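Coordinate analysis (summary)
What follows is each chain in one-letter form.
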Amino acid sequence: MSASATPSASRYALLSALVLALLVATLNMGLWWWSNLPHGPADWHGPISGFAFSPFRRYQSPLTGDFPSDAQIEADLKLVSRYSPNIRTYSMLQNPQVPRLAERYGLKVMAGAWIDRRLDNNEQEVAALIGQARRYPGTITRAIVGNEVLLREDVTPQQLMIYLDRVRAALHQPVSTAEPWHIWEKYPELVEHVDFITVHLFPYWNGIARKDAISDAMARYNHLKQLYPHKPIVVGEIGWPSNGDRFHFATPSVSNEAIFLRQWFNVAKGNHIDYYVMEAFDQPWKESLGEGRTGAYWGMWNADRQLKFPFTGPVTEDTAWPWKALAASLLALLPMILFARRFVRFKLMGRVFFAVLIQLACALIVWAATLPFAFYLSWIDWTMLTLLFPATIAIIAILLINGFEFTEVLWRRQWMRQANLLPPDEPAHQPFVSIHLACYNEPPEMVNITLDSLAALEYANYEVLVIDNNTKNPEVWKPVQAHCEKLGKRFRFFHLEPWPGYKAGALNFGLKETEPSADVVAVIDADYVVRKDWLASLTGYFHDPKVAVVQCPQAHREFANNPFRRMTAWEYDGFFRIGMHHRNERNAIIQHGTMTMVRRSALEGTGGWSEWTICEDAELGLRLMHAGYELVYVDELMGKGLTPADFKAYKSQRYRWAFGAMQILKGRWSWMTQKGPLTTGQRFHFLTGWFSWFADALLLIFTLMALYWTAGMIAFPAVFSLPMQLFLIPVIGFFFAKMIFGIVLYRARVPCNWRDTLLASVASMSLSHAIARGILHGLTRKKTAFVVTAKSRRLGQSSLAAFAPAREELLMAVALILAIIGMAVSYGTRFIEGTLWMFILAAQSLPYLSAVAVAWIAHRSGDKAG
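Let us look at the structure shown here. Keep in mind the model is a prediction, meaning the values are calculated, not measured. (Residues numbered from 1 in each chain as written. Predicted model: local features only at pLDDT ≥ 70, side-chain atom pairs only at ≥ 80, totals over all residues. Heavy atoms only, no water.)

1. Here we look at the packing of aromatic side chains
Spelled out, the test is: Ring pairs are drawn from Phe, Tyr and Trp, using the six-membered ring of Trp, whenever the two centres fall within 6.5 Å, and their geometry is named by plane angle: stacked under 30 degrees, edge-to-face over 60, tilted for the rest. Starting at the N terminus, helices and strands are each numbered in turn, a helix being any DSSP run of H or I of at least four residues and a strand any DSSP run of E of at least two. Each residue is assigned to one of three classes by its accessible area relative to the maximum for its type, calculated with a 1.4 Å probe on protein chains only: buried under 20%, partly exposed between the two thresholds, exposed over 50%. By definition, being over a ring means that NZ of Lys or CZ of Arg is both within 6 Å of the ring centre and within 35 degrees of the ring normal.
Applying the stated criterion across every chain, the model contains 50 aromatic pairs. Between Tyr 83 and Trp 301, the ring centres sit 5.1 Å apart and the planes meet at 80°, which makes this aromatic pair edge-to-face. Residue Tyr 83 is found in the loop between α2 (70-81) and β2 (86-88), and its partner Trp 301 is found in the loop between β8 (274-277) and α10 (321-342); the two are separated by 218 residues along the sequence. Like Tyr 83, the residue Trp 301 is buried in the burial classification. Through successive ring pairs, a cluster of aromatic residues spans Trp 44, Phe 51, Phe 53, Tyr 83, Trp 264, Phe 265, Tyr 275, Phe 281, Trp 301, Phe 309 and Phe 311. Across the ring face of Phe 343, the terminal group of Arg 342 is positioned such that the distance to the ring centre comes to 5.0 Å.

2. Regarding the pattern of salt bridges
Selection criterion: Salt bridges are defined by distance alone: a side-chain nitrogen of Lys or Arg within 4 Å of a carboxyl oxygen of Asp or Glu.
Applying the stated criterion across every chain yields a total of 37 salt bridges. A salt bridge links Asp 116 to Arg 118, with the shortest nitrogen-to-oxygen separation between them at 2.8 Å. Between Glu 497 and Lys 472 there is a salt bridge; the shortest N-O distance is 3.9 Å. In this pair, Glu 497 is assigned in the loop between β11 (491-496) and α15 (502-513) and Lys 472 in the loop between β10 (462-469) and α14 (474-487), connecting sequence segments 25 residues apart. Under the relative-accessibility criterion, Lys 472 is labelled exposed at 65%. Linked by salt bridges that have partners in common, Arg 345, Glu 408, Glu 585 and Arg 586 make up one network.

3. Overview of the environment of Asn 448
Here is the rule: Whether two residues touch is decided by their heavy atoms; if any such pair falls within 4.5 Å, the residues are in contact.
Along the polypeptide, Asn 448 turns up in helix α13 (residues 444-455). Between the C-alpha atoms of Asn 448 and Ala 438, which are 10 residues apart in sequence, the distance is 13 Å. Look past the residues within four positions of Asn 448 in its chain and what remains in contact with it is Pro 479, Val 480 and His 483.

4. Points about the side chain of Gln 283
Secondary-structure assignment places Gln 283 in the loop between β8 and α10. Among the residues examined, Gln 283 registers a relative accessible area of 0% and is labelled buried. Here Gln 283 is in contact with Ser 54, Phe 56, Gly 295 and Ala 296, once residues within four sequence places are set aside.

5. Examining α13
Worth spelling out the cut-off: To estimate the expected span of a helix, subtract one from its residue number and multiply by 1.5 Å.
Its 12 residues place the ends of α13 16 Å apart at the C-alpha level, agreeing with the 16 Å of an ideal helix rising 1.5 Å per residue. Every buried residue belonging to α13 is among Pro 444, Met 446, Val 447, Asn 448, Thr 450, Leu 451, Ser 453 and Leu 454, and all of these are buried. Lining the buried residues of α13 we find β9 (433-439), β10, α14, β11 and β13 (529-530).

6. Side note on the pairing of β10
Along any regular strand, the residues point their side chains to alternate faces of the sheet. How we decide: A strand pair is defined by DSSP finding two or more bridges across the two strands.
Burial within β10 is extensive, with 8 of its 8 residues counted as buried. Of the two faces of β10, the one holding Tyr 462, Val 464, Val 466 and Asp 468 and the one holding Glu 463, Leu 465, Ile 467 and Asn 469 are both buried throughout. Of the strand pairs in this sheet, β9 and β10 are connected by 7 bridges, and their pairing is parallel. Bridge pairing links Ala 438 to Ile 467 in β10. Of the strand pairs in this sheet, β10 and β11 are connected by 6 bridges, and their pairing is parallel. Among the inter-strand pairings, Val 466 is bridged to a residue of β11, identified as Phe 493.

7. Some details on the nonpolar core
This is how the line gets drawn: What makes a nonpolar core is a set of buried Ala, Val, Leu, Ile, Met, Phe, Trp, Tyr and Cys residues whose side-chain atoms join them at distances within 4.5 Å.
Counting 150 residues, the largest nonpolar core has Trp 264 and Phe 265 as its most contacted members. Sorting elements by how many residues they give to this core places helix α12 (residues 379-411) first, with 10 residues. Here Trp 264 is in contact with Ile 214, Ala 217, Met 218, Val 235, Ile 238, Ile 273 and Tyr 275, once residues within four sequence places are set aside. Grouped together as the second largest cluster of nonpolar side chains are 58 residues, Leu 511, Ala 602, Ala 661 and Ala 858 included.

8. Comments concerning the sheet that holds β10
Strand pairing in a sheet relies on backbone hydrogen bonds, with the paired strands running either antiparallel or parallel. Our working rule: In this analysis, axes come from line fits to C-alpha atoms, helices being fitted only over the stretch in contact, and the angle between any two N-to-C directions falls in the range 0 to 180 degrees.
On the basis of which strands lie adjacent, the open sheet formed by 7 strands has the order β11-β10-β9-β12-β15-β14-β16 and mixed pairing. At either margin of the open sheet sits one strand with a lone partner, and together these are β11 and β16 (630-633). In this sheet, neighbouring strand axes are inclined to one another by 20° on average, regardless of whether the strands run parallel or antiparallel. In the packing of α15 onto the sheet, the strands contacted are β9, β10, β11 and β12 (520-523), and the crossing angle to β10 comes to about 140°.

9. Some words on the packing of helix α22 (residues 691-715) against helix α26 (residues 807-827)
Formally: What makes a crossing left-handed is the near helix being turned counterclockwise from the far one by less than a right angle; a clockwise turn instead makes it right-handed. For this scheme, ten residues count as nonpolar: Ala, Val, Leu, Ile, Met, Phe, Trp, Tyr, Cys and Pro. Four count as charged, namely Asp, Glu, Lys and Arg, and the remainder, Gly too, count as polar.
Following both chains from N to C, one finds α22 and α26 inclined at 35°, their axes separated by 10 Å at the closest point. For the pair α22 and α26, the crossing hand works out as left-handed. For the pair α22 and α26, contact is made by Leu 700, Thr 703, Leu 704, Leu 707, Thr 710, Met 713 and Ile 714 and by Met 812, Ala 815, Leu 816, Ala 819, Gly 822, Met 823, Ser 826 and Tyr 827, respectively. The class makeup of the residues in the contact of α22 with α26 is 11 nonpolar, 4 polar and no charged.

10. Topic: the pairing of β8
Keep this limit in mind: Handedness rule for crossovers: strands pointing away from the viewer, path from the first strand over the helix to the second running clockwise, crossover right-handed.
Here strand β7 (residues 233-238) runs beside β8; their pairing, made up of 3 bridges, is parallel. Counted as the bridge partner of Val 235 is Tyr 275 from β8. In terms of handedness, the path from β7 via helix α9 (residues 254-270) over to β8 forms a crossover that is right-handed.

Rendered as structure tokens:
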């Protein structure tokens, strides 16, 4: 591109980024508007028949003995009197001042005596009802003895009828008891002991969708009229919750409450139905009564005495939605512009996809930050929120990081840093390569196969140093020594015992023994068989003095017919086909300790191999980047090794990688967080590249918390409530998004079939617990033992012993399954939050079940040939 064209291209990139960001932000505003479209139920003009009246304020509760004052009750009665001439109460002992204060505002009271299993308390309630009704005959116009007593089975029908007869004999006012419709149907004899039937109609608790709720209520009402045509019927409670848990097809919301009640007001007026709305004010204390979160939200006013909806005109579910939508759009606007301008080289679909992902993440943050204020949260809820909100932010960050990889891999126009095999140099121009093979207690026949492949290299200038460190059994290391002698002077063998520093210590020893004229140090694992052109096709990159490393992917052999080795081989392949290319675009690859070549002067000049970390290879790559060097990744299978022999070895290797990653993160933190030699892209990848592993650590922590919380919900439901959707939806969304990202990328980049893709996913999940332990131990400990990954199978394992490497995962899986069963027994599918929680527990169990399954597959695979 010419110099004159550059400003024009830059202006185009900025303009296209602005247009894209504004379009996505506008789409976000449109979605918020669409989800809060005003609903238009029939208007209501006129008084409401009556209200169920409980005067407890937001932080008051009869369960704790915290009662409202006379002034608070009077203020509530004054407010209610503007909308209705009638109220209904439930207890004569809790708020005995209500009839006296109601009289001041001309309110008529249907006064209730609370009846339960406390027989002494029942006597006091009945006596108080009779006394108050006689004292205020003009105010207490009806008397109710008991509320849903037979539904709760607190007393027998005969006991209740005795109470009713006593009150009827003592008062001139009509007397009834309040029960759901089916109780009146079940006990027809009860009708003979009341002056009128008081029925509760709750389509919500019948699981009826709001659109069918009025029909359901009227059907129950008319059914009772047909059963008892000569008894007056009063609807003692009817309503719809504005918030809480979905119950079957019934969804609580402000708009649903408004529509239901306004429709009911008109239907009741047309049918001359006497009713009391359940209820005047939200009662947060009722969450602990077994109704779930919904119990707090039946009021027409909220707990702060604000009317939830108008009686005329359309109803908007969330009146604050414009501000939330604007906040989400503004929060996402700058990141979208920066991304779309910086990555104009991506295809349009990719830029749109990631911009939408940014906007979705910002909308989720706004939603998560504001939603708690729509609920009456207890201190336990706020504690849970305080703990989980940062985790929600972390989940969103991980999703964006994975989404960026997904976008670049799928919608790049081309790789910007594509490296291929080079034509071989003439022998006179070939750099001298010193190949270092460190081994510890490796089967000699396996090492000798590797040495034979190195002896067959079509390259003139190289040597091979075999450094055996700390193998104690001479029968293991001496055959390798003998084979080196047989292969000639190119091959030198060293046995070190004792020797510190694990693999890094052995490689540093080899560095000192390297041929002085060597330009390049190559490192290979003891189980690899290399192609003859490995060195000849790649050492040409070292003619560029900026290049310090040439890395090829790890690849595997002899796995095709062994189910365990096959699934793990394809699991490894995913990173080298996807993640390494993604990192390579910003010169930020992870250097691996096999199939890698390093410029000797750069290696020695930056301090050799680091012995303070068990991932000395990845640390070296980062150190060379910090020194300003280029690392070249050539995605060509130049050598193939063996996969871990069994699940124990597989887990142990990934634990070591995770632990070492945390050592590097702690040891090189300043490099990654402060501006310096590392580029922004390199710092980004070395900070965020391990975020997916942090997700495994978060999964372990969240799973332990979930088990604790589930046990609390089952054992102490009054204290531990069902988690809100606020906590559940981001977790479920993350689970599905990560699963979709992984499978789609595998299908696009890894040359395996669907079965291998799914089994590779199972293998990947099976490592979650090992990675989590590695991350947490790496963050809290300084060192751990370097465990060599076994490539040959341990013999003589029993079937039971096959699960030994997965015993922790097995215990976690059993605990989660028991938690699901416990939730199903205790909560069933009554609440959508309960169902979502069981789904999350099931999703959390997948990595642990995968570990058990992979351990069994490894055991059953045995020594099947590849």
